[in-house]
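Architecture at a glance
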Amino acid sequence: MAGPNPSPTEPPAPRGEPMDAVTVLVCSSCRREGDGPETPRPGSRLADAAGALAGALADPGVAVRRVACLGNCSRGLSAAVYRPGCWTYVFGGLDEASGGDLLAGARLFAAAADGFMPWRGRPEALKRGLIARVPPIDLLKDLP
Ligand code: FES
């Protein structure tokens, strides 16, 4: 029997990567308009590919996680790239072969001293596929 649900205020259990790791959140539910009901969905295959690449890279500064939906369904495949204390980037228009681009962008972001994902060197799919960037919560106190 499973125990009680953890408190939403509890920190997540350690998963082997540093707490300041850049995390690629891939929507595993995404499918393109006109796609059939087949499973696994294209988003799930992208999540699998990105996860396999991350495993092969073995970069402790980059992690890949699956999420059920990023609210970008009509412009999938979708993923977000999160770095604690920094802006979060949401991407759409990806395809099943975009795992390498997501990992390249994540590694670029992880190395950025200013906390922004650099435009220069960013894979084309992450330039044309940028849907939104969301400020870090710490920035809210400085906004008008
Ligand atoms: S199903 Fe992928 S963003 Fe909603």
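Refer to the structure above for everything that follows.
Residues numbered from 1 in each chain as written. Predicted model: local features only at pLDDT ≥ 70, side-chain atom pairs only at ≥ 80, totals over all residues.

**Overview of the pairing of strand β3 (residues 79-82)**
Side chains A79 and V81 of β3 all project onto a buried face; the interleaved residues A80 and Y82 project onto the opposite face, where all are buried too. Sheet topology note: the β3/strand β4 (residues 88-91) ladder contains 3 bridges and is antiparallel. What sits directly across from A79, in β4, is F91. Hairpin connection of β3 to β4: 5 residues between the antiparallel strands, including G85 at a positive phi of 80°. (Buried ≥ 20, exposed ≤ 12 C-beta atoms within 10 Å, placed from the backbone. Helix = DSSP H or I, 4+ residues; strand = E, 2+ residues; numbered from the N terminus. Pairing = 2+ DSSP bridges.)

**Focus on the sheet that holds strand β5 (residues 130-134)**
Across the sheet, which stays open at both edges, the 5 strands sit in the order β2-β1-β3-β4-β5 with mixed pairing between neighbours. Single-partner strands in this sheet number two, and they are β2 (62-67) and β5. Strand-to-strand, the axes of this sheet are offset by a mean angle of 20°, without reference to chain direction. Lying on the sheet, helix α1 (residues 42-57) is in contact with β1 (22-27) and β2; it crosses β2 at an angle near 160°. On top of the sheet, helix α2 (residues 99-111) reaches β1, β2 and β3; it is set at about 155° to β1, its chief contact. (Axes fitted to C-alpha atoms, helices over the stretch in contact; angles between N-to-C directions. Contact = placed C-beta atoms within 7 Å.)

**Observations concerning unusual backbone geometry**
P40 follows T39 through a cis peptide bond whose omega is -5°. Cis geometry marks the peptide bond from G76 to L77; its omega dihedral reads 0°. Along the chain, L77 falls in the loop between β2 and β3.

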